Each structure stands twice: as C-alpha cells, then as structure tokens.
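# Notes for the structure review
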Amino acid sequence: MSSSLSIVIPAYNESARIGKTLREILTYLGEQAGGGEVIVVDDGSKDETSRVAEEVFAARARGNVEGRVIRVEPNRGKGNAVRTGLLAARSRVAAFFDADLSMPITETPKLVGPIRSGQYDIVLGSRALNRELIGTHQPWTREQSGRVFNRVMRMLTGMPFKDTQCGFKAFRMDVCRAVVEGALIDRFGFDVELLFIAHRAGLRMLEYPVRWNDVAGGSVSFRGGLQGFGELRQIRANARRGLYDSAIARRYRLRRPALRYV
Ligand SMILES: Nc1nc2c(ncn2[C@@H]2O[C@H](COP(=O)(O)OP(=O)(O)O)[C@@H](O)[C@H]2O)c(=O)[nH]1
Ligand SMILES: [Mg+2]
C-alpha cells in the first residue's frame, strides 16, 4: 500500500451530496497508479447516507480502489468521525475530505505530494494564503467569523496557521497515529487540537493554498462555531493538565524507526 491513498469522509446527513463526491473520488483514485481506499464515517446520520455510500461503492469500486462505510451510533461529531476514519486507514498517507468536495479532487496532490516526498508529516489545505484560488466564497458573515476564530486560535495556541478550519488535510500515518489517538475533542475544535498536539510533538507541518468553491447546504451552525471558541480554551486547559503528554512522548519514541523508510 506504499503509494496508495486513504481518503476519509466524515458524513452527517449527507445523502444528498455524498453520491456525486464518492463517484468523483473513486474515479480519481482509479486513475492513480497506487489506487487507494475511501472510508465514509457515517456519524449517526438520520438519513440514507450509509445506504447511498454503500450503493456507490458496490457499483463503482473495483481493482485497487476500495470503499468502506464505518457507522458510528449515535452522532458524536466530525472530530470523532475523522479520527475513527484515520485510525482505520490502511495506506501510508491518509487524508480527510469534506463530503461536499468544496476543494476540487484535482487539488489532492498538493496535500499528498509534500508527504510522499518525505518533507512533511501533515499538510493542511488553506483558503487564507491565496485568495485568488477561492471561486465561490463562504457567506460573508462566515468568512468574518472565521477570521476572528483564526486570530483567537493563534493567540491561544501560538501556532502560525492562517486557516485551520478547511476540511482537507493529509497525514503521514505512521508518525501521526499517536497524535490522532491522543486527541480528545469531538466537534468544531478538533482540527486545531490535532495540529496543536502535532506542533508540540515537533511534527513537520505545511499549510498550503488550495482551490475552494463553497457549497451551500453545510451543517455547521452558528452555535457550533461559537462552541469552537470554548474548545480553544479547552485545548489550553488540557495541555496544562498534561492530557496530551503521553501522545507527544509516544510520538517522540516513534521518531527514529519511523523516519527510516523516507
Ligand atoms: N461525522 C460528522 N461529520 C459532520 C458533522 N457535522 C458536519 N460534518 C461533516 O463535516 C463536513 C463539513 O461540513 P459542512 O456541513 O460542509 O460544513 P461547512 O461547509 O463548514 O458549513 C461534511 O463532510 C459533513 O458531513 C457531524 O456532526 N459529524
Ligand atoms: Mg461545506
């Protein structure tokens, strides 16, 4: 599975959007030499998300491209769903993608290439580095609240990233597994938490500009976004209480043997 790619799709009530997304991803992976797998994590959806995903996989997954659905019951949040999918991934590089594919699938090499070349452990897609790549913007209020969230994030965590909330990130799984296993936040703040633990563990991270076309019909509410601020404080409190220390220590123990294959 060395040049294959695992793509994780967290999905909550996505039956209307996920079919098209999965067909595009399966076609894309089928064109890559290493193939790969798509893992849909259905997070207690009340609609037909799992059935739609399974039907697309039955009809379209073949050769060295596989599709799987993991069902979590009841709904626990995107963070938990993403981590469940990443930990189930079998390829050396795993990425999570939002179900609406607001980043075109053809951008995938931007996230995966710097990991494959051995330069980075995590690559985060970003909407903030090159605004010319943004076709359809998020609604104005959403963009503005995103800016405020980012400023507070940088203040509270000390991390330099300009956009932690873009739903497209790739991981080199052998070094990131300990980080994913050590994360605790199930909802909005989970991206920041993963990056924060990785940052503390000295992982090599790259924020890279990607194309983005916002797709209406998202499920992140204003209230959910507000809770994100509380989760930023939670991350700091967790760090102070030492809750991430064992994940960070485990990652350091892994460092030498894990780097050998680059
Ligand atoms: N597993 C899980 N995924 C969620 C949840 N809420 C949103 N998502 C997923 O997160 C991704 C981004 O959500 P979306 O609704 O497009 O958010 P927005 O574009 O930021 O408003 C999609 O793949 C959703 O299915 C949740 O509670 N659980
Ligand atoms: Mg969206």
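All values reported here derive from a predicted model rather than from experimental measurement.

Here we come to the site of ligand 1. If you check the shell around ligand 1, you find 17 residues, and the closest are Y12, D43, A81, A99 and G218. Secondary structure elements with two or more residues in the shell around ligand 1: β1 (5–11), β2 (36–43) and α3 (78–88). For the shell around ligand 1, the domains that each give at least three residues are domain 1 (1–101) and domain 2 (104–262).

Residue position: G218 is located in the loop between β7 (205–209) and α8 (222–240). Residue G218 is classed as partly exposed on the basis of its C-beta count, with 16 C-beta atoms lying within 10 Å. A sequence separation of 31 residues divides G218 from R187, and the C-alpha atoms of the two residues are 15 Å apart.

In spatial order, the strands read β3-β2-β1-β4-β6-β5-β7; together these seven strands make up an open sheet with mixed pairing. Every interior strand has two partners, whereas the edge strands, β3 (65–72) and β7, have only one. Pairwise comparison of adjacent strand axes, ignoring direction, gives a mean angle of 20 degrees for this sheet. Relative to strand β4 (residues 93–97), β1 runs parallel, the two being bridged by four bridges. Each bridged residue has a counterpart across the sheet, and for S6 the counterpart in β4 is A94. Together, β1, β2, β3, β4 and β6 (168–172) form the strand contacts of α3, whose direction differs from that of β1 by roughly 155 degrees.

Turning our eyes to something else, we now look at the pairing of strand β5 (residues 122–126). Among the five residues in β5, five count as buried, and that is most of the element. Of the two faces of β5, the one holding I122, L124 and S126 and the one holding V123 and G125 are both buried throughout. With three bridges joining them, β5 and β6 adopt antiparallel strand pairing. Its bridge partner lying in β6, L124 is registered against K169. Bridging between β5 and β7 involves five bridges; their strand directions are parallel. Directly across from L124, in β7, lies its bridge partner E207.

This next bit is on the confidence of the model for the chain. Taken residue by residue, the chain gives an average pLDDT of 93. The fraction at 70 or more is 96%. In the model, residues 256–262 has pLDDT below 50 throughout and makes three contacts with residues more than four positions away in sequence or in other chains.

Criteria and thresholds
Residues numbered from 1 in each chain as written. Chains lettered and ligands numbered in written order. Predicted model: local features only at pLDDT ≥ 70, side-chain atom pairs only at ≥ 80, totals over all residues. Near = placed C-beta within 6 Å. Helix = DSSP H or I, 4+ residues; strand = E, 2+ residues; numbered from the N terminus. Domains from an automatic or database assignment. Buried ≥ 20, exposed ≤ 12 C-beta atoms within 10 Å, placed from the backbone. Pairing = 2+ DSSP bridges. Axes fitted to C-alpha atoms, helices over the stretch in contact; angles between N-to-C directions. Contact = placed C-beta atoms within 7 Å. pLDDT = per-residue confidence, 0-100.

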